[in-house]
Amino acid sequence: MKEYNLTTKMRSYQWDELSDEQRAVVAIAKEQTENSYCPYSGFHVGAAAKLANGIIMRGANQENAAYPSGLCAERTALFAAGAQYPDQPVTHLAIACFTDGHFTKEPGAPCGACRQVMLETEHRYGGKMEVLLYGEEGTYVFESAADLLPLIFVSENLKG
Ligand code: THU
């Protein structure tokens, strides 16, 4: 038997410690919580994906009466980016959550399916995608989507 310890790295920043570029992407994710369609959960999630050409794609969670048919905010942004700008690497992805009349104190943690999609996005373009999770008490910054999913499944794994 062998035991492995998988470690990962993230940093927590106060608003004024973020760069102007980071603040701009996070601000759009915050703004996007207003476009969330979440009549079932009441949990508003906004996302912003910045592309290498500087364009920022907007996302928001979209729910459905047939619950599994809905989609998380970050995937709406990443899929819109892939569909409209397939050749543009995504350099930054920001997410913000708003519920009960305020942004969450702690950042929302992306679900497993979103982490998998983030990883594929990063892999697809061959560079790191910075992930920013906004919380009122601090923004978590991951240098790479891979830091959110240490044991990965990517296209190479399909080859055995
Ligand atoms: N949700 C997101 O949009 N992103 C996440 O990272 C976590 C969860 C959405 C899905 C659903 O519409 C609502 O939040 C409650 O789970």
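How each quantity is defined
Residues numbered from 1 in each chain as written. Predicted model: local features only at pLDDT ≥ 70, side-chain atom pairs only at ≥ 80, totals over all residues. Heavy atoms only, no water. Axes fitted to C-alpha atoms, helices over the stretch in contact; angles between N-to-C directions. Helix = DSSP H or I, 4+ residues; strand = E, 2+ residues; numbered from the N terminus. Parallel < 35°, antiparallel > 145°, perpendicular 65-115°, else oblique. Left-handed = near helix turned anticlockwise from the far one by under 90°. Contact = heavy atoms within 4.5 Å. Nonpolar A, V, L, I, M, F, W, Y, C, P; charged D, E, K, R; others polar. Near = heavy atom within 4 Å. Polar contact = N/O pair within 3.5 Å; in protein donor to acceptor, adjacent residues only side chain to side chain. Areas by Shrake-Rupley, 256 points an atom, 1.4 Å probe, with all protein chains shown as cover. Pairing = 2+ DSSP bridges.

Comments concerning the packing of helix H2 (residues 73-84) against helix H3 (residues 112-125)
Two numbers describe how H2 lies on H3: the axes approach to 10 Å, and their chain directions differ by 25°. Comparing the axis directions of H2 and H3 gives the class roughly parallel. When you trace H2 past H3, the crossing you get is left-handed. Across the interface between the two elements, Glu 74, Arg 75, Leu 78, Phe 79 and Gly 82 from H2 touch Ala 113, Cys 114, Val 117, Met 118, Thr 121 and Arg 124 from H3. Grouping the constituent residues of the contact of H2 with H3 by class yields six nonpolar, two polar and three charged.

Points about the site of the ligand
Taken together, Ser 41, Phe 43, Val 45, Asn 61, Glu 63, Cys 72, Ala 73, Glu 74, Ala 109, Pro 110 and Cys 111 make up all the residues around the ligand. Contact distances for the ligand include 2.9 Å between an oxygen atom and a side-chain N or O atom of Asn 61. Contacts to the ligand include Glu 74, whose side-chain N or O atom sits 2.5 Å from an oxygen atom. Bound to the protein, the ligand loses 74% of the 370 Å² it would expose on its own. Across the shell around the ligand, the residue classes tally to seven nonpolar, two polar and two charged.

Section: the pairing of strand S3 (residues 56-60)
The sheet contact formed by strand S2 (residues 44-51) and S3 spans five bridges and is antiparallel. Among the inter-strand pairings, Ala 49 is bridged to a residue of S3, identified as Met 57. Once S2 ends, the chain turns through four residues before running back antiparallel as S3, passing Gly 54 with a positive phi of about 95°.

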